Amino acid sequence: MDLVKEINRLKKEKNAVILAHYYQVGEIQDIADYVGDSLGLSQKAAETDADMIVFAGVHFMAETAKILSPEKTVVLPDLNAGCSLADSCPPDAFEKFTKAHPNHVVITYVNCSAEIKALSDIVCTSSNALKIVKSIPKETPIIFAPDRNLGQYIINETGRDMLLWDGSCIVHEAFSMDKLIELHKKYPDYKIIAHPESETHILDTATYIGSTSGMINYVREHQDQKFIVATEAGILHKMKQEMPNTELVPAPAKEDNTCACSECHFMKMNTLQKLYDCMLNESPQIEVNPDIIERALLPIERMLELSK
């Protein structure tokens, strides 16, 4: 069976849109209607007039699409595609944390569950986190969750004294500083670019720090340069497509895995076969409690408004 042909047929038949994250496998990125980072995917999910949103990403992303378009069918190729960062912030514990610190504005990174978003005042992505934190009056105390590395990066950039939840992404904490130094010795003229979810000692080596879309834009604007890329290795697919003549090397991971780079096994759980199956069967569907949708929608809409 020609899966690409069949997926395109189902897309027309069911008035479906395929949204894919930059960390998906290349063949899924190639068939998607839109490939983007968390902010771009949220914006597309809010705008689409499709009847079915096929979300090639992880669970919290599909949940966000459902919150923004509750009347639409939202399917995820593999329901087990989770997120280590989202898992590091359990709703019960976070609710106790916020109640212990009243009068704080609660800003949560989009990489969290719908329940956490429902406990928030405003949501952000790595693309707009600095802008959103700067929009809060300086005298207003802030809780930032769940990513401590992104939170620390924002503190360093803005000087804001934020209260951080102690969560992290295993993918962005997997970079080896020792191996990065060795790699840079091998490629001394390569610039390091990094995602702000990475640990501070990695960010300190970077020429540019930004979201996945920000990193792609930076490489696009500096195609004559060479780069070591410190984020999930799936981003290299789009970079190589758009900038085929630019030299790119993935930053090395601590583990000696097959690609010697940092990969999110949750993102890689989605396959072209699973994508086809979920469209054909309209399952597994993402369901979110209507009460959670109502409470989570407002902080997401605040983010989208501030991101215009």
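Residues numbered from 1 in each chain as written. Predicted model: local features only at pLDDT ≥ 70, side-chain atom pairs only at ≥ 80, totals over all residues. Heavy atoms only, no water.

## Quick notes on the pattern of salt bridges
Here is step 1: This model, assessed by the stated rule, comprises 16 salt bridges.
Here is step 2: One salt bridge connects K274 with D78, and the closest N-O pair in it is separated by 2.6 Å. Remark: D78 occurs in the loop between β4 (73-75) and α5 (84-87) and K274 occurs in helix α14 (residues 272-281); sequence separation between them is 196 residues.
Here is step 3: With a relative accessible area of 11%, D78 lands in the buried category.
Here is step 4: Measuring nitrogen to oxygen at the nearest pair gives 3.5 Å for the salt bridge that ties E95 to K99. Note that E95 and K99 are positioned in helix α6 (residues 91-99) at a spacing of 4 residues, about one turn of the helix.
Here is step 5: The structure contains a network of salt bridges with shared partners spanning E6, R9 and E13. (Salt bridge = Lys/Arg side-chain N within 4 Å of Asp/Glu carboxyl O. Helix = DSSP H or I, 4+ residues; strand = E, 2+ residues; numbered from the N terminus. Buried < 20%, exposed > 50% of the residue type's maximum accessible area, 1.4 Å probe, protein only.)

## Some points on the sheet that holds strand β12 (residues 248-250)
Here is step 1: With parallel pairing, 4 strands are arranged side by side in an open sheet as β10-β9-β11-β12. Each edge of the open sheet carries a strand with a single partner, namely β10 (208-209) and β12.
Here is step 2: In this structure, strand β9 (residues 190-194) lies alongside strand β11 (residues 226-230), joined through 5 bridges in parallel fashion. When the bridges of β11 are listed, Y190 appears paired with K226. (Pairing = 2+ DSSP bridges.)

## Regarding helix α9 (residues 148-158)
Here is step 1: Listing the buried residues of α9 in full gives N149, L150, G151, Y153, I154 and I155.
Here is step 2: Between the side-chain oxygen of the N-cap and the backbone nitrogen of N149 there are 3.0 Å, and the N-cap of α9 in question is D147.
Here is step 3: Where α9 terminates, the next one or two residues include G159, which has phi positive at roughly 80°. (Polar contact = N/O pair within 3.5 Å; in protein donor to acceptor, adjacent residues only side chain to side chain.)

## Observations regarding the packing of helix α4 (residues 59-68) against helix α15 (residues 290-306)
In helix packing, the relevant descriptors are the interaxial angle and the interaxial distance, both defined with respect to the helix axes.
Here is step 1: The geometry of α4 relative to α15 is characterised by a closest axis approach of 9 Å and an angle of 95° between their N-to-C directions. Our classification of the angle between α4 and α15 gives roughly perpendicular. Listed contacts from α15 to T64, K66, I67 and L68 of α4 are I293, A296, L297, I300 and L304.
Here is step 2: Tallied by class, the residues present in the contact of α4 with α15 amount to 7 nonpolar, 1 polar and 1 charged. (Axes fitted to C-alpha atoms, helices over the stretch in contact; angles between N-to-C directions. Parallel < 35°, antiparallel > 145°, perpendicular 65-115°, else oblique. Contact = heavy atoms within 4.5 Å. Nonpolar A, V, L, I, M, F, W, Y, C, P; charged D, E, K, R; others polar.)

## A few points about the pairing of strand β1 (residues 16-21)
Here is step 1: With 6 of its 6 residues buried, β1 lies for the most part within the structure.
Here is step 2: Side chains A16, I18 and A20 project from β1 onto one buried face, and the interleaved V17, L19 and H21 project onto a second face that is buried too.
Here is step 3: The sheet contact formed by β1 and strand β3 (residues 52-56) spans 5 bridges and is parallel. Residue pairing across strands places L19 opposite F55, the latter belonging to β3.
Here is step 4: Looking at chain direction, β1 and strand β2 (residues 34-36) are connected through 3 bridges and run parallel. Looking at the pairing, L19 lines up with Y34 of β2.
Here is step 5: Since β1 and β2 lie parallel, the crossover through helix α2 (residues 26-31) that links them has a hand, and here it is right-handed. (Right-handed = clockwise from strand over helix to strand, strands pointing away.)

## Notes on the sheet that holds strand β7 (residues 142-145)
Here is step 1: The sheet built from 4 strands is open, its strands ordered β6-β5-β7-β8 with parallel pairing. Two strands bound the open sheet, and with one partner strand each, they are β6 (122-124) and β8 (163-164).
Here is step 2: Sheet contacts for α6: β5 (105-109), β7 and β8; angle to β7, the most-contacted strand, approximately 165°.

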